[in-house]
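# A structural walkthrough
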Amino acid sequence: MSIKPYMLTDQGFVNQDELRYPFEERGLQFGDGVYEVIRIYSGQYYLIKEHVERLFRSAEAIKIKMPFSKEETYEKLNELLEKNSVDGDAKVYLQLTRGSAPRDHAFPKDVPANLYAYVQDLPRKMEALQEGVSTITQPDVRWDYCYIKSLNLLPNVLAKQEATEKGAFEAILHRNKKVTEGSSSNVYLVKDGIVYTHPATENILHGCVRMRVEALSRQLGFPFIQAAFSLEDIAEADELFISSSTAEIMPVVKVDDVTVGSGNPGPVTQRLQQAYEKDANIPQSKSIFPEAAQERPVSG
């Protein structure tokens, strides 16, 4: 898919080469802003309502006024796909900052917010989704308001880089040995057919896919319990998986030097992956499962 170079901004649509901000931009100088990443399958948004709602919650939490209403945001995001002729699998990155003003820690007065959004190709990670991935563990040294999807991602970046340097897909974060989430994902443990994940407190991001995982788990008859599990629990887990808009529902088969379960994606994770594909209207031609497996019921 060839995506055209149009970006959505608070001032309208522009070519990517035309986007310019002053050096005194608060997102650049303070990380004073929030963002969203929205998944697209076959040219259609997935969970757009959840992402827009969270964007407005994050903006309200740090006292930034969105330049558009929710209804206008939906309209403009749809127009962004139309202008770029998006018909395949992709993602939209949207960033909102407090605006451009002389550098001062205090909020500037009467300064409009800066907003931009753009589209990027994002093929599904087919091999990883089918075979599972390895991860590492890292202390969670982030601030206490992780439920805000803020631009302050340096601890996440450092944890992800540590994972990358060790050949791992993700870094699983923990506080006092209790797993919180990944550097860019939510984390789930499966034991005896029950799905466990950290409660939706201020210490984790309330992932949009996380909310669907909860709904799909209940639809499939898997109890979904919001209770923190420990690093030691991972060694006794039947399955482990992570979720995000870009990773979908990703099986984890190794954590540090510990093999999870059988070392292969487990049946609960695979059922959830099937349900996710159905929920996202992913066509059979792009499924990670063979046709026979895809035809198995995913509810009940």
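Located above this text is the structure these notes cover.
Structure report, in brief. Computed from a predicted model, the values in this text were never measured in an experiment.

What counts as what
- Residues numbered from 1 in each chain as written.
- Predicted model: local features only at pLDDT ≥ 70, side-chain atom pairs only at ≥ 80, totals over all residues.
- Heavy atoms only, no water.
- Pairing = 2+ DSSP bridges.
- Helix = DSSP H or I, 4+ residues; strand = E, 2+ residues; numbered from the N terminus.
- Axes fitted to C-alpha atoms, helices over the stretch in contact; angles between N-to-C directions.
- Contact = heavy atoms within 4.5 Å.
- Expected span 1.5 Å × (residues − 1).
- Buried < 20%, exposed > 50% of the residue type's maximum accessible area, 1.4 Å probe, protein only.
- Salt bridge = Lys/Arg side-chain N within 4 Å of Asp/Glu carboxyl O.
- Phe/Tyr/Trp six-rings, centres within 6.5 Å; stacked < 30°, edge-to-face > 60°.
- 1 Å grid on protein atoms, 1.4 Å probe; cavity = no way out; pocket = protein on both sides within 12 Å on 5 of 7 lines; lining within 4 Å.
- Points joined across faces, edges and corners; volume = space filled by probe spheres on them.
- Nonpolar A, V, L, I, M, F, W, Y, C, P; charged D, E, K, R; others polar.

### Examining the sheet that holds strand β5 (residues 90–97)
Ordered by their spatial adjacency, six strands build an open sheet running β2-β1-β6-β5-β3-β4, and the pairing between neighbours is antiparallel. A strand with exactly one partner marks an edge of an open sheet, and here the two such strands are β2 (12–15) and β4 (44–46). Taken pair by pair, the neighbouring strands of this sheet meet at an average axis angle of 30 degrees, ignoring direction. By the bridge criterion, eight bridges tie strand β3 (residues 33–41) to β5 in an arrangement that is antiparallel. Across the sheet, the residue bridging to Glu36 is Leu94, located in β5. The strands touched by helix α3 (residues 70–83) are β1 (6–9), β2, β3, β4, β5 and β6 (114–121); relative to β1, the strand with the most contacts, the crossing angle is about 165 degrees.

### With respect to helix α8 (residues 267–279)
The end-to-end C-alpha separation of α8 is 18 Å, in line with the 18 Å expected for 13 residues at 1.5 Å each. Buried residues of α8: Val268, Thr269, Leu272, Gln273, Gln274, Ala275, Tyr276 and Glu277, and no others. After α8 finishes, the residue Asn281 shows a positive phi value of roughly 55 degrees.

### Details of the pattern of salt bridges
Going through the model one piece at a time under the given rule, you end up with 17 salt bridges. The partner of Lys70 in a salt bridge is Glu53, and the shortest N-O contact between them spans 2.9 Å. Linking Lys70 in helix α3 with Glu53 in helix α2 (residues 48–61), this pair joins segments that are 17 residues apart in sequence. For Glu53, a relative accessible area of 22% translates into the label partly exposed. The shortest N-O distance in the salt bridge between Arg124 and Glu277 comes to 2.9 Å. Of this pair, Arg124 sits in the loop between β6 and α4 (126–131) while Glu277 is found in helix α8, placing the two residues 153 residues apart along the sequence. Residues Arg124 and Glu277 agree in their burial class; the two are buried.

### Some words on the packing of aromatic side chains
Summed over the entire model, instances satisfying the criterion amount to eleven aromatic pairs. Ring plane angle 85 degrees and centroid distance 6.2 Å describe the contact between Tyr41 and Tyr276, whose orientation is recorded as edge-to-face. Within this pair, whereas Tyr41 is found in strand β3, its partner Tyr276 is found in helix α8, the two being separated by 235 residues in sequence. Overall, Tyr41 belongs to the buried group, its relative accessible area being 3%. By relative accessible area, which is 2% here, Tyr276 ends up buried. Their ring planes at 15 degrees and their centres at 4.5 Å tell us that Tyr188 and Phe241 sit as a pair that is stacked.

### Details of the layout of surface pockets
Roughly 850 Å³ of internal volume is contained in the largest pocket. Considering the residues around the largest pocket, the lining is formed by 36 residues, among which Tyr35, Lys149, Ser183, Ser184 and Ser185 are closest to the centre. Of all the secondary-structure elements, those providing two or more residues to the lining of the largest pocket are β3, α2, α5 (154–165), β9 (178–182), α6 (208–220) and β13 (239–244). At four residues, the largest contribution of residues to the lining of the largest pocket is made by α5. Residue composition of the lining of the largest pocket, by class: 14 nonpolar, 14 polar and eight charged.

### A few points about empty space enclosed by the protein
Space left empty within the atom packing is revealed by a probe, the size of a water molecule, rolled over the atoms. On inspection of all chains with the given rule, the structure shows two cavities of 30 Å³ or more. If you add up the space inside the largest cavity, you get close to 50 Å³. Of the residues in the lining of the largest cavity, the class split is five nonpolar, six polar and two charged. The space that makes up the second largest cavity amounts to roughly 30 Å³. Lining the second largest cavity are Glu36, Ile38, His51, Val52, Leu55, Thr73, Leu77 and Leu94. Put simply, the parts of the chain that give the lining of the second largest cavity at least two residues each are β3, α2 and α3. The element best represented in the lining of the second largest cavity is α2, accounting for three residues. For the lining of the second largest cavity, the class distribution of residues is five nonpolar, two polar and one charged.

Shape descriptors only; they carry no functional weight alone.
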